[in-house]
Amino acid sequence: MSRIYKRKGSPYWWYTSGTPPHRIKRSTGTQDRKVAIRIQAKWDQEIALQRSGVEVATIDLQIPFRQYIDQVMSNKGKKQAQCIKSALNVFMNMNKGITNKHLTSFFLQEYFAKRKAMGRSPKTINEDHKTISNFCEWMIIMGYLLKNPTSGLIRPKLVKVRPREAFTREEINYALNEAWLDHDKRFWSLLYKSGLRARDACTLTINDINGKFIQLSQEKTQEYDQPRIVVVPLHDDLKKMDIFNIMKPGSIGNSRERLKKILGKGDLHSFRHSFASHLEEFGATRWDTKCLLGHKADDVTAQYVKINVERLAPIINQL
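The text that follows walks through the structure, step by step, so that each part is easy to find. (Residues numbered from 1 in each chain as written. Predicted model: local features only at pLDDT ≥ 70, side-chain atom pairs only at ≥ 80, totals over all residues. Heavy atoms only, no water.)

### A word on the overall build of the protein chain
Definition in use: Numbering of helices and strands starts at the N terminus; helices are DSSP runs of H or I of at least 4 residues and strands are runs of E of at least 2. Here the globule rule is a power law, 2.2 Å times the number of residues to the power 0.38, and the radius of gyration is based on C-alpha atoms. Exposure categories follow from relative accessible area, calculated using a 1.4 Å probe and restricted to protein chains: below 20% of the type maximum is buried, above 50% is exposed, and the middle band is partly exposed. Contacts: residue pairs with any heavy atoms within 4.5 Å of one another. Accessibility throughout is a Shrake-Rupley quantity obtained with a 1.4 Å probe, and a residue counts as covered only by protein chains that appear here. Lys and Arg are tallied as positive, Asp and Glu as negative. Neither His nor the chain termini are counted. Note that the charge is assigned to NZ on lysines, CZ on arginines, CG on aspartates and CD on glutamates.
The helix and strand inventory of the protein chain stands at 14 helices and six strands. Its C-alpha radius of gyration of 29 Å places the protein chain more than 25% over the 20 Å reference for a compact globule of 319 residues. Expressed as a percentage of the 319 residues in the protein chain, the buried residues total 39%. Restricting the contact set of the protein chain to residue pairs at least 6 apart, pairs at least 24 apart contribute 55%. Counting only carbon and sulfur atoms, one obtains 53% of the accessible surface of the protein chain, whose full area is about 19900 Å². Positive and negative side-chain charges of the protein chain, numbering 54 and 32 respectively, have mean locations separated by a distance of 11 Å.

### Description of a nonpolar patch on the surface
Let me state the cut-off plainly: Patch definition: residues with relative accessible area over 30% and no salt bridge; like charges joined within 9 Å; nonpolar side chains (Val, Leu, Ile, Met, Phe, Trp, Tyr) joined within 5 Å. Criterion for a salt bridge: a side-chain nitrogen of Lys or Arg within 4 Å of a carboxyl oxygen of Asp or Glu.
On the surface, Phe213, Ile229 and Val231 cluster together into a nonpolar patch covering about 260 Å² of accessible area. With respect to the helices and strands, phenylalanine 213 occurs in strand S5 (residues 213-223).

### Points about the environment of threonine 104
Short version of the rule: Here a polar contact means two N or O atoms within 3.5 Å. Within protein one must be a hydrogen donor candidate and the other an acceptor candidate, and residues neighboring in sequence count only if both atoms are side-chain atoms.
Looking at the secondary structure, you find threonine 104 in the loop between helix H3 (78-94) and helix H4 (105-117). When the C-alpha positions of threonine 104 and threonine 150 are compared, they lie 8.0 Å apart, and in sequence the two are 46 residues distant. At 3.1 Å, the side chain of threonine 104 forms a polar contact with the backbone nitrogen of phenylalanine 107.

### Focus: the packing of helix H2 (residues 62-75) against helix H5 (residues 122-142)
Our working definition: Axes, fitted as lines to C-alpha atoms, cover a helix only where it is in contact. Angles between the N-to-C directions of the axes lie from 0 to 180 degrees. Relative orientations are named as follows: roughly parallel for angles under 35 degrees, roughly antiparallel for angles over 145 degrees, roughly perpendicular for angles from 65 to 115 degrees, and oblique for any other angle.
Where H2 contacts H5, the axes come no closer than 11 Å and their chain directions differ by 105°. One way to sum up the angle between H2 and H5 is to call them roughly perpendicular. On H5, the residues touching Pro64, Phe65, Gln67 and Tyr68 of H2 are Asn134, Phe135, Trp138 and Met139.

### Concerning the sheet that holds strand S3 (residues 24-27)
Put simply, the rule is: Strand pairing is assigned whenever DSSP detects at least two bridges linking the two strands.
Here three strands make up an open sheet; going across it, the order is S1-S2-S3 and the pairing antiparallel. If you trace the sheet from one side to the other, it starts and ends with strand S1 (2-6) and S3, each paired once. Each neighbouring strand pair of the sheet contributes to a mean axis angle of 25°, computed without reference to strand direction. Relative to strand S2 (residues 13-17), S1 runs antiparallel, the two being bridged by five bridges. Its bridge partner being in S2, isoleucine 4 is matched across the sheet by tyrosine 15.

### Concerning the pattern of salt bridges
Per the stated rule, a full pass over the model turns up 12 salt bridges. Linking arginine 169 and glutamate 281 is a salt bridge whose minimum nitrogen-to-oxygen distance equals 3.0 Å. Of the two residues, arginine 169 sits in helix H6 (residues 169-178) while glutamate 281 sits in helix H11 (residues 269-281), which places them 112 residues apart along the sequence. Overall, the relative accessible area of 33% leaves arginine 169 in the partly exposed class. Notably, a salt bridge pairs aspartate 184 with arginine 258, separated by 2.5 Å at the nearest N-O pair. Of this pair, aspartate 184 sits in helix H7 (residues 182-194) while arginine 258 sits in helix H10 (residues 252-263), and the two are 74 residues apart along the sequence. When its relative accessible area of 17% is taken as the criterion, arginine 258 is described as buried.

### A closer look at the nonpolar core
Defined as follows: Side-chain atoms within 4.5 Å link the members of a nonpolar core, which is a set of buried Ala, Val, Leu, Ile, Met, Phe, Trp, Tyr and Cys residues.
Within the largest apolar cluster, 29 residues are counted, with the highest numbers of intra-cluster contacts made by Phe187, Trp188, Leu190, Leu204, Leu259, Leu268 and Phe271. Among the secondary structure elements, those contributing two or more residues to this core are H6, H7, helix H8 (198-202), S5 and H10. A per-element tally of this core places H7 first, with five residues. Once residues within four sequence positions are removed from consideration, phenylalanine 187 is found in contact with Ala198, Ala201, Cys202, Ile246, Met247, Ser255 and Leu268. Listed in part, the 24 residues of the second largest apolar core include Ala81, Leu103, Trp138 and Leu145.

This is the structure we're talking about:
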């Protein structure tokens, strides 16, 4: 049987139930005896449901969260584990003080609505759905939940994004001439003449130059959780420039917006598409392009190479 009582040194009514060593003692957090009696009845009901297997104990979600992340980090690949940890960190930071009892379908639907209002893409929200659903399934196995609250939730429709287009050589020359910041000009030249991703290029160091080559490990393309080493010949124009640590990774977005103001289209990754497309125009094979971009699959490289139809006009006229 349970009872409520006044504890010495505490202004609140306290609740106790059971016998040692399984006795439960906790404060009701109220000084009103009538309210404390209602809380006592509620907690009695929860304990009865837990003993019958219909209910689980209230647990601060930080406890299963830390256990789950430890399991993920030790059993998943580095990149996948980091993505899962990042998504759940956002969820926990946005819902401080959350317990397993808060995890209802309505609560999660509200959370995903907040993520949409923050400007997150449908693809990102879909990934959040999968990550939180897997977390809930694990908590069911561990006894923290009885059912998965993400079941039946409506996921956003994925919007088909138009594929990137490569810049023409004229557009690239125009962008480089019109760039009003010197580090933008050096950054865009490096992207186009090396084919590197923006995040890799902006933090290039002297240690990444091996003789006449740029030798870089790309974490985005990995084999068995090991970064893939990409080797690209250093363009003669780049040898005359200061291409090391051009800008902070957080400034990439501003550089992208300045490029869009000049050309009215495309982004920094379009330089990588231009690098691949123009290489093959000058005679590089698909295998050459694939190696320089650091891709594992041929179909990925095929998405980067855009055919210059105007260049084919003289050939067609010979038919």
